[in-house]
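Tertiary structure, described
So the chains spell out like this:
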Amino acid sequence: MVVVLLMIVLLRVQGRLLLCACGYLEIWTSDTCSSNNSQQLFDPYSLTHVLHGFIFFWLIAIFFRRTAPGWQLWLALLLESAWEVFENSSFVIERYRTATAALGYTGDTAVNSIGDLVCALIGFWIARRVGVRGSILLFLLVEVVLLLWIHDSLLLQMLMLIRPVEAIKSWQLCA
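Residues numbered from 1 in each chain as written. Predicted model: local features only at pLDDT ≥ 70, side-chain atom pairs only at ≥ 80, totals over all residues. Heavy atoms only, no water.

The next thing to look at is the overall build of the protein chain. Scanning the protein chain from N- to C-terminus turns up 7 helices and 0 strands. When the helices and strands of the protein chain are read in sequence order from the N terminus, they spell out α-α-α-α-α-α-α. Against the 2.2 N^0.38 benchmark of 16 Å for 175 residues, the protein chain shows a C-alpha radius of gyration of 16 Å, consistent with a compact globule. Seen through its C-alpha atoms, the protein chain measures out along the principal axes to roughly 45 × 35 × 30 Å. Considering the protein chain as a whole, with its 175 residues, one finds that 45% of them fall into the buried category. Here the analysis covers contacts within the protein chain between residues at least 6 apart in sequence; of these, 65% occur between residues at least 24 apart. Of the roughly 9600 Å² of accessible surface on the protein chain, a fraction of 71% belongs to carbon and sulfur atoms. Here the protein chain contributes 11 positively and 12 negatively charged side chains, and the mean placements of these two sets differ by 12 Å. (Helix = DSSP H or I, 4+ residues; strand = E, 2+ residues; numbered from the N terminus. Rg over C-alpha atoms; globule rule 2.2 N^0.38 Å. Buried < 20%, exposed > 50% of the residue type's maximum accessible area, 1.4 Å probe, protein only. Contact = heavy atoms within 4.5 Å. Areas by Shrake-Rupley, 256 points an atom, 1.4 Å probe, with all protein chains shown as cover. Lys, Arg positive; Asp, Glu negative; His and termini not counted. Charge placed at Lys NZ, Arg CZ, Asp CG, Glu CD.)

Here's what the structure looks like:
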């Protein structure tokens with residue numbers, strides 16, 4: 001709980017809103033082209049955070065295999081919380097705005113970051129249940145679903161942040 005509270009405090013210090021500026025809270029918003037994206041509890045990008053949980057499971061399985069399961073979960077919580085703070089830094093927000101199709105992106109609300117944290121923990125739990133092979137297959141399936149659904153995915157986000165491709169950016173733009 002301390003980790004989550006610290007994450008919220010750090011997000012607020014960075015200027016992130018607690019709740020959507022729209023004045024209401026939704027559990028789910030599906031329109032990735034609206035100003036509600038990354039502002040409500042869950043959105044299609046929440047699935048990329050489920051995939052974070054898979055990656056954390058793989059890393060922890062490699063580097064912290066002998067650590068007790070409770071501590072492994074705590075480590076995944078810590079990693080995702082740190083990512084949420086970093087992802088919402090001015091540096092990363094500006095990178096998203098210049099290198100990707102997220103032209104008007106202003107950062108996540110704290111509520112959305114909490115949703116993303118929950119998704120990462122769910123992903124970690126799923127990966128633990130289905131194992132490495134099963135989680136690799138699920139990871140790839142989710143990537144394909146996201147590509148077809150919202151023209152984006154975790155791997156595509158990473159590519160676009162590191163080495164933007166103009167053709168992909170054009171394909172992702174909301175019409």
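So, on to the state of the cysteines. Applying the stated criterion to the full structure yields 2 disulfides. The partner cysteine of Cys-33 in its disulfide is Cys-174, sulfur to sulfur 1.9 Å. Disulfide Cys-33 to Cys-174: torsion about the S-S bond roughly -85°, handedness left-handed. In this pair, Cys-33 sits in the loop between α1 (2-13) and α2 (46-63) while Cys-174 sits in the segment after α7 (166-172), placing the two residues 141 residues apart along the sequence. Under the relative-accessibility criterion, Cys-33 is labelled partly exposed at 45%. Should the bonded cysteines of the protein chain be numbered as they appear in the sequence, the pairing reads 1-2, 3-4. Free cysteine: Cys-119, not disulfide-bonded; nearest cysteine sulfur from Cys-20 at 18 Å. Cys-119 gets classed as buried once you look at its relative accessible area, which sits at 7%. (Disulfide = S-S within 2.5 Å.)

Nonpolar side chains tend to gather and get buried jointly when the protein is soluble and globular. The biggest cluster of nonpolar side chains holds 21 residues, and the ones touching the most others in it are Leu-51, Phe-54, Phe-124 and Phe-139. Elements supplying a minimum of two residues to this core: α2, α3 (69-87) and α5 (110-150). For this core, the element with the most residues is α5, which contributes 8 residues. Each residue touching Phe-139, except ones within four places of it in the same chain, is listed here: Leu-51, Phe-54, Ile-55, Trp-58, Leu-154 and Leu-155. By size, the runner-up hydrophobic cluster in this structure holds 9 residues, among which are Val-3, Ile-8, Ala-110 and Leu-117. (Core = buried A, V, L, I, M, F, W, Y, C linked by side-chain atoms within 4.5 Å.)

A few words on the environment of Leu-18. Residue position: Leu-18 is located in the loop between α1 and α2. Note: C-alpha distance between Leu-18 and Leu-75 (57 residues apart in sequence) is 24 Å.

Glancing now at the packing of α2 against α3. Axis separation between α2 and α3 bottoms out at 10 Å; the angle between their running directions is 130°. Compared by their axis directions, α2 and α3 come out oblique. Crossing of α2 over α3 shows right-handed handedness. On α3, the residues that touch His-49, His-52, Phe-56 and Ile-60 of α2 are Gln-72, Leu-75, Ala-76, Leu-79, Glu-80, Trp-83, Glu-84 and Glu-87. Each residue belonging to the contact of α2 with α3 can be placed in one class, and the counts come to 6 nonpolar, 3 polar and 3 charged. (Axes fitted to C-alpha atoms, helices over the stretch in contact; angles between N-to-C directions. Parallel < 35°, antiparallel > 145°, perpendicular 65-115°, else oblique. Left-handed = near helix turned anticlockwise from the far one by under 90°. Nonpolar A, V, L, I, M, F, W, Y, C, P; charged D, E, K, R; others polar.)

Taken by themselves, the reported measurements are silent on function.
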